[in-house]
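Observations on chain architecture
Residue-level listing of the chains:
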Amino acid sequence: MIADFLVDAKRFSPLLLDGLWVTLVVSFATLICSTLLGAFWEALRLSGSAVLAGVSTSAITLIRSVPMMVQVFFAYFALPEIGIDMSPIVAGTLALSMGHSAYMAENFRLAIQSIDKGQLEAAQSMGMSRIRTFSRVIVPQALKSALPPYGNSAIMILKDSSLCAVITVPELTRQAQLLSAETFKTMNVFTLAALMYAAICIPTALLVRYSEKHLAGAKTGRAHD
Amino acid sequence: MEVFTRFAGDFREYSSIFVGGLSYTLILWAGSLALATALGMTWAVLDGQRVPILGHVARWFVIFIRGVPILVQLFYIYFLLPAIGIEMSSVQAAMIALGLAYSAYAAEVFRAGMKAIDGGQIEAAQAMAMSRFTIIRRVVIPQTFTYSLPGYVNIIIMVLKGTAIASVIAVPELTRAATLISQSTYKSFTIYSMLAVYYMIICVPMVIGLRSIERRSAR
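Our subject in this report is the structure included herewith.

1. Topic: the overall build of chain A
When helices and strands are counted, chain A shows eight helices and zero strands. N-terminal to C-terminal, the α/β element order of chain A is α-α-α-α-α-α-α-α. Viewed in the frame of its principal axes, chain A has a C-alpha envelope of about 70 × 45 × 25 Å. For chain A, the proportion of its 225 residues judged to be buried stands at 44%.

2. Quick look at the nonpolar core
Counting residues in each nonpolar core, the largest one holds 119 residues, and the members touching the most others are Val 72 and Ala 193 of chain A together with Ala 97 and Leu 195 of chain B. For this core, the leading source of residues is helix α4 (residues 90–115) of chain B, giving 16 residues. Residues in contact with Ala 193 of chain A, not counting those within four places in the same chain, are Leu 16, Leu 172, Thr 173 and Ala 176 of chain A together with Val 72 of chain B.

3. Focus: the interface of chain A and chain B
Across the contact, 35 residues belong to chain A and 40 residues belong to chain B. At 10 residues, the largest contribution of residues to the side of chain A that touches chain B is made by helix α8 (residues 186–214) of chain A. A breakdown of the residues in the side of chain A that touches chain B according to their chemical character gives 23 nonpolar, seven polar and five charged.

4. Some words on the packing of α4 of chain B against helix α6 (residues 132–147) of chain B
All names here are of chain B. Put simply, α4 and α6 touch, their axes get as near as 8 Å, and they point 105 degrees apart. One finds that α4 runs roughly perpendicular with respect to α6. Between α4 and α6, the contacting residues are Phe 110, Gly 113 and Met 114 on the first element and Val 140, Thr 144 and Tyr 147 on the second. In the contact of α4 with α6, the residues fall into four nonpolar, two polar and no charged.

Scoring rules and cut-offs
Residues numbered from 1 in each chain as written. Chains lettered and ligands numbered in written order. Predicted model: local features only at pLDDT ≥ 70, side-chain atom pairs only at ≥ 80, totals over all residues. Helix = DSSP H or I, 4+ residues; strand = E, 2+ residues; numbered from the N terminus. Buried ≥ 20, exposed ≤ 12 C-beta atoms within 10 Å, placed from the backbone. Core = buried A, V, L, I, M, F, W, Y, C linked by C-beta atoms within 7 Å. Contact = placed C-beta atoms within 7 Å. Nonpolar A, V, L, I, M, F, W, Y, C, P; charged D, E, K, R; others polar. Axes fitted to C-alpha atoms, helices over the stretch in contact; angles between N-to-C directions. Parallel < 35°, antiparallel > 145°, perpendicular 65-115°, else oblique.

Right, here's the structure in full:
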């Protein structure tokens, strides 16, 4: 059985690795876009305007309420109807970025809120401007405590990129599906795919756990929904 | 304005199919959540209470499950179980796959909650000659639930949204129902918007509730 698996592993690896490459590209693009969009939501919240903060909170709440899968379907099947036609890979990346921007915003919010209020008051009393306080006091500390949850989000994004398989993006899960339909070696193919995901996610997760323990003041990363 | 009237008309027209899908979503949600809670608590107790051997197995099981996409796990279980002679419906397969997958996330939440329990309580229970099993059942588990409430509400929402993944193995839940209607009517935009609204109706109150629980426990 193990010999059989190894033979199959050698045979299937090139195709699956092609898929893994697409998975990494989609994940990386999603990581960047969702970080920017998440920072945008957080900037709205901190803007000082109640309206903008309300917009940010509602957007985050609505995004968090819809399954990632549905967002992927929406981007690929529904948007073309109103004239926004995208290739599967772009639609998938866009949907994942949108979905994960809400969690990114929450990561940033928790990191910023974890900073002691007294420090802001101290900065103010020293006559520092708002922007200066933000860039010199808040951001350096928030970055530190946002790091572990950010790592968790990165892992989550990598795993959620598998959802793009349903809109025919040729990433790892899709390649595994095609291979198993072709060869009927379902078990070997999916075991191999699972191992590839695990080979990336598990070391990252252990790194996140390590950094949680060793970054002083870092809060435990929250589980995603 | 006309757009809204049309949307409302479609909403009424297709609502019976959506409600049919909703019932499967709810069943899947309840079943997977029950399984995920029971298994998650089991992994957390085994790992958190340092049960020999089984504790390590539970820990690595959680780490591994969290390292693999749920979609892959679902395919794995759906195609694998029949191959080894276990026949089951797609609903059952989805329930098991989602239950197993989310048990790992629940275990993480419970493990963190378990750490918040005051060690003195365990010592007090030991001093009262309670057996280890009784301590776990009477002291550890009830308080773990209390301390991990925000995380657990998050898991409840996660599982509900996770049920959408079951649509790929043809479980006739909400997302699957929407896909089928949109394929036959070509009104993708309306149908998928409706679908999002259905999920929002259930999830938005929970997300808002979660936020207020978080605020309260942060204090």
